[in-house]
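Structure at a glance
Now for the letters of each chain:
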Amino acid sequence: MAARIDLTLDCADAQLLAAFWRTALGYVDEPPPAPFANRAEWLAQFDLPEDDSEDDAAWLCDPDGVGPRLSLLRVPEPKTAKNRLHIDVRVPGHGGPDERWARIRAESERLVKAGGSVLAEFDGHHVVMADPEGNEFCVAAAAP
């Protein structure tokens with residue numbers, strides 16, 4: 001059996017990024033682990049500093065249970081360099097190269113409206129973008 005992975009993004013504003021990545025990936029808030037009724041109850045079991053808040057982190061999951069969990073954790077230091085690992089958002093659908101490129105462009109435009117920004121376009125292939133805190137990711141066609 002293959003290992004499952006989680007992806008974790010350090011950030012300045014976990015709730016801002018959670019809203020963006022929910023939109024980008026179609027993910028939902030992951031429920032707290034059993035037997036906890038909510039995240040505040042779950043976090044209370046840890047000996048966290050008083051200034052830590054429930055809003056300092058967010059956990060998202062694929063509603064179909066297929067994709068990796070995404071954890072967003074507030075850290076004090078800012079992003080200073082290009083990501084060493086990034087997310088590829090794959091746009092589904094069939095058709096020829098022009099149709100795939102049109103879907104990629106439409107998805108990148110949708111993500112700009114959600115707070116992302118376009119960094120570069122590789123015409124006909126993929127768009128390099130950044131989330132609201134500058135984390136790079138690509139928008140490309142799903143494998144045929």
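Residues numbered from 1 in each chain as written. Predicted model: local features only at pLDDT ≥ 70, side-chain atom pairs only at ≥ 80, totals over all residues. Heavy atoms only, no water.

Take the overall build of the protein chain next. In terms of helices and strands, the protein chain carries 3 helices and 8 strands. Tracing the protein chain from N to C terminus, the helices and strands come up as β-α-β-α-β-β-β-α-β-β-β. Here the C-alpha coordinates of the protein chain stretch approximately 55 × 35 × 30 Å along the principal axes. Counting every position in the protein chain, which comprises 144 residues, the buried fraction comes to 33%. By element, 55% of the accessible surface of the protein chain is carried by carbon and sulfur atoms, the whole surface being about 9000 Å². Counting 14 positive and 26 negative side-chain charges, the protein chain places the centres of these two groups 8 Å from one another. (Helix = DSSP H or I, 4+ residues; strand = E, 2+ residues; numbered from the N terminus. Buried < 20%, exposed > 50% of the residue type's maximum accessible area, 1.4 Å probe, protein only. Areas by Shrake-Rupley, 256 points an atom, 1.4 Å probe, with all protein chains shown as cover. Lys, Arg positive; Asp, Glu negative; His and termini not counted. Charge placed at Lys NZ, Arg CZ, Asp CG, Glu CD.)

Bringing the pairing of strand 3 (residues 57-61) into the picture now. Two faces make up the sheet, and in a regular strand the side chains alternate between them. Extensive coverage of strand 3 is indicated by the burial of 5 of its 5 residues. Side chains Ala57, Trp59 and Cys61 project from strand 3 onto one buried face, and the interleaved Ala58 and Leu60 project onto a second face that is buried too. Bridging between strand 2 (residues 28-29) and strand 3 involves 2 bridges; their strand directions are antiparallel. In the sheet register, Asp29 faces strand 3, and the bridge partner there is Leu60. Where strand 3 meets strand 4 (residues 69-74), 4 bridges bridge the pair, whose relative direction is antiparallel. (Pairing = 2+ DSSP bridges.)

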